Amino acid sequence: MHVIIEPLFPLNFRGSITIGRDLKILNTKRGPVMKNIELVNDIVTIRSMQLTDIDAIFEAGNYSEIWTHLVVTIQSREDAARFVEQSLLNQELGKEHPFVIIDNKTNRIIGSTKLMNPDPYHNRIEIGFSWLSPAYWRSPINSNCKYLLMQYCFEVRNLNRI
């Protein structure tokens, strides 16, 4: 695995956690912020989403069959722009880290995935909201993405649970 990270901030949280009646943990630092992450193997590259990815995300996601069971649809460039802008806003709020998925054979964006709902108290995060262009369904792409993300989370971020 080839990993490029710049910068990587520790997992922090806002607010407080109450444990039992007497112990309260306070932390007013900003939520988790991960920027400019790139995870690479022979098959796929996963890198941090950017505003400049809107057109490529529209091209990759403009297939109605992708969105059948999801709450978001990308049927226009405006939908793609909303998806990217909301994802990047949620990243700034510490709620998620959006990635684009790139096929190494074509060097084209073919989908997206996210690290979501970080829980610094339990040292865990979720992998979710993954989608691929239909041409890549039932290919090694998705399993390679998940492997890279889990390897990053466990070996680089030292998380306990994904």
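Relevant structure appears above.
Residues numbered from 1 in each chain as written. Predicted model: local features only at pLDDT ≥ 70, side-chain atom pairs only at ≥ 80, totals over all residues. Heavy atoms only, no water.

## A few points about the overall build of the chain
Test applied: Helix numbering and strand numbering both begin at the N terminus, where a helix is a DSSP run of H or I of at least 4 residues and a strand a DSSP run of E of at least 2. Exposure classes here rest on a 1.4 Å probe applied to the protein chains alone. A residue is buried below 20% of its type maximum, exposed above 50%, and partly exposed in between. The contact rule is simple, with two residues in contact once any of their heavy atoms fall within 4.5 Å. What sets the accessible areas is the Shrake-Rupley method with a 1.4 Å probe; for residues, cover comes only from the shown protein chains.
When its secondary structure is counted, the chain shows three helices and eight strands. The linear arrangement of helices and strands in the chain, starting from the amino end, is β-β-β-β-β-α-α-β-β-β-α. Within the chain, the proportion of its 162 residues that are buried is 44%. Residue pairs in contact within the chain that sit at least 24 positions apart in sequence constitute 57% of those at least 6 positions apart. Within the structure as shown, the chain displays about 9100 Å² of accessible surface, and the carbon and sulfur contribution to it stands at 51%.

## Regarding the environment of Arg-161
For Arg-161, the position within the fold is in the segment after α3 (141–156). With 37 residues separating them along the chain, Arg-161 and Arg-124 place their C-alpha atoms 4.7 Å apart. When neighbours within four sequence positions are excluded, Arg-161 is seen to be in contact with His-122, Asn-123, Arg-124, Ile-125 and Phe-154.

## A short note on helix α2 (residues 77–92)
Put simply, the test is: By this rule, a helix spans an expected 1.5 Å times one less than how many residues it contains.
Its 16 residues give α2 an end-to-end C-alpha distance of 23 Å, which sits within 8% of 22 Å, the value for a rise of 1.5 Å per residue. Taken residue by residue, α2 has Asp-79, Ala-80, Ala-81, Phe-83, Val-84, Ser-87, Leu-88, Asn-90 and Gln-91 as its buried positions. In this structure, the buried side of α2 is in contact with α1 (54–61), β6 (96–103), β7 (108–119) and β8 (124–132). Directly after α2, the chain includes Gly-94, whose backbone phi takes a positive value near 80 degrees.

## A word on the nonpolar core
Condition: Residues grouped as a nonpolar core are buried Ala, Val, Leu, Ile, Met, Phe, Trp, Tyr and Cys residues, joined through side-chain atoms within 4.5 Å.
With 18 residues, the main nonpolar core has Leu-39, Ile-46, Ile-101, Leu-115 and Ile-141 as its most contacted residues. Taken together, the elements giving at least two residues each to this core come down to β4 (37–40), β5 (44–48), β6, β7, β8 and α3. Here this core gets six residues from one element, more than from any other, and that element is α3. Ranked by size, the runner-up nonpolar core spans 16 residues in total, among them Ile-54, Ile-57, Ala-80 and Ile-109.

## Considering the pairing of β5
The following threshold applies: Paired strands, in this sense, are two strands between which DSSP finds at least two bridges.
Where burial is concerned, most of β5 is hidden: five out of the five residues are buried. The pairing of β5 with β6 spans five bridges and is classified as antiparallel. Residue pairing across strands places Val-44 opposite Asp-103, the latter belonging to β6.

## A short note on the pattern of salt bridges
The condition that has to hold: One speaks of a salt bridge when a side-chain nitrogen belonging to Lys or Arg is within 4 Å of a carboxyl oxygen belonging to Asp or Glu.
Throughout the structure, instances matching the rule amount to six salt bridges. As a salt-bridge pair, Arg-124 and Glu-126 come within 2.9 Å of each other at their nearest N and O atoms. Judged by its relative accessible area of 18%, Arg-124 is buried.

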